[in-house]
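A look at the structure
Each chain, letter by letter, is given below.
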Amino acid sequence: MTTPTVSDDTTTGGSGPAAPVLSFDKVTVGHFGVPAVRELSIDVHPGEILALLGPNGAGKTTTLLSAVGALPVMSGTITAMGTPIDSRVERNARRGVTLVPDNRGLFHRLSVTDNLRLARRKGGTPIDVVYEYFPKLQTLRGRRCGNLSGGEQQMLALAKALLTKPSVLLIDELSMGLAPVLVQDLLPRLRAIADEQNMAVVLVEQHIDLALGIADSAVVLHHGRVALAGSARELRAGRDRVEAAYFGRSGGADDPE
Ligand SMILES: Nc1ncnc2c1ncn2[C@@H]1O[C@H](COP(=O)(O)OP(=O)(O)OP(=O)(O)O)[C@@H](O)[C@H]1O
Ligand SMILES: [Mg+2]
């Protein structure tokens, strides 16, 4: 399989390419002994956004869960900041590997502020700074989370994750069920925050064009294998190849079973 091409701007101030913050080396992982992702190799660098794409059941969530240590790998290695990820999920989180799950992980009976307070961490990003990223949330700070719109909940989930000052942020379909216009608003902000905080992001997103619009690199999974990988620019220019990869018609080295 091909390791995705890394963008030109993932360097640490001119001293050559930065080491990856998250690295998968030939990782096979699955559920109850059945592989769902096979031989996956990806590198994500500081400040880089990697779009992880693919149809339903392709293995995107499985990949993210393994990156935070919630699913043990069957073979291969996952490293974050050069250290192997193991099953100690809390420890991995403290090291800066943060997951925004597909159910958004919010407490619906609590207010916006209380949701944020619960996610605060020593050495993390202050709540005021997060409110600067999402001023709308500040105006809603006393509102019960359950009474927020889908787009507002999406913002809150992202804000909550940012409080932990992640080195690598894994986002699983934050926009599930939302109109593209809301995603269009949020993704450029995510891009700006990744740039400002030099934060690596793995973005699972169903709105392919919007994801490719802000990403540096992309991987399309199909049946747990890499069907297509490259820079986001390449994939934007070759949308027909992206579609073929979704349907397992990429004809690459990793033919779907
Ligand atoms: N808890 C589980 N137990 C058994 N099999 C599972 C479990 N979770 C996922 N799988 C299987 O693993 C494969 C990959 O699922 P995964 O959830 O990673 O896909 P996905 O790309 O996130 O799909 P979607 O776009 O629908 O969210 C699928 O075949 C799925 O049925
Ligand atoms: Mg999923």
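Remember, it's a predicted structure, so these values are computed and weren't measured experimentally. (Residues numbered from 1 in each chain as written. Chains lettered and ligands numbered in written order. Predicted model: local features only at pLDDT ≥ 70, side-chain atom pairs only at ≥ 80, totals over all residues.)

Taking strand neighbours across the sheet as the criterion, the six strands line up as E6-E7-E8-E3-E9-E10 in an open arrangement whose pairing is mixed. Every interior strand has two partners, whereas the edge strands, strand E6 (97-100) and strand E10 (225-231), have only one. When strand polarity is set aside, the average angle formed by the axes of neighbouring strands in this sheet is 15°. Relative to E10, strand E9 (residues 217-222) runs antiparallel, the two being bridged by six bridges. Considered in E10, the bridge of Val220 is made with Leu228. Across the sheet, helix H1 (residues 60-67) touches strand E3 (49-53), E6, strand E7 (168-172), strand E8 (200-204) and E9, and the angle it forms with E7 is around 150°. (Pairing = 2+ DSSP bridges. Helix = DSSP H or I, 4+ residues; strand = E, 2+ residues; numbered from the N terminus. Axes fitted to C-alpha atoms, helices over the stretch in contact; angles between N-to-C directions. Contact = placed C-beta atoms within 7 Å.)

Attention now moves to the site of ligand 1. By nearness alone, every residue bordering ligand 1 is listed as His31, Phe32, Ala36, Gly54, Asn56, Gly57, Ala58, Gly59, Lys60, Thr61 and Thr62. In terms of residue count, the dominant contributor to the shell around ligand 1 is H1 (three residues). (Near = placed C-beta within 6 Å.)

The subject of this paragraph is the UniProt feature "domain: ABC transporter" (unreviewed entry) in the chain. Mapped onto this structure's residue numbering, the UniProt feature "domain: ABC transporter" (unreviewed entry) falls at residues 22-248. Counting secondary structure, residues 22-248 comes out at 38% helix and 28% strand; the distance between its end C-alpha atoms is 26 Å. (UniProt positions renumbered as here; feature names shortened; annotations may be inferred.)

Taken across its five residues, E7 has five buried, putting it largely inside the fold. The alternating pattern of E7 places Val168, Leu170 and Asp172 on one face and Leu169 and Ile171 on the opposite face, and all of these are buried. Looking at chain direction, E6 and E7 are connected through four bridges and run parallel. Among the inter-strand pairings, Val97 is bridged to a residue of E7, identified as Val168. With helix H7 (residues 180-197) bridging E7 and its parallel neighbour E8, the resulting β-α-β unit is right-handed. (Buried ≥ 20, exposed ≤ 12 C-beta atoms within 10 Å, placed from the backbone. Right-handed = clockwise from strand over helix to strand, strands pointing away.)

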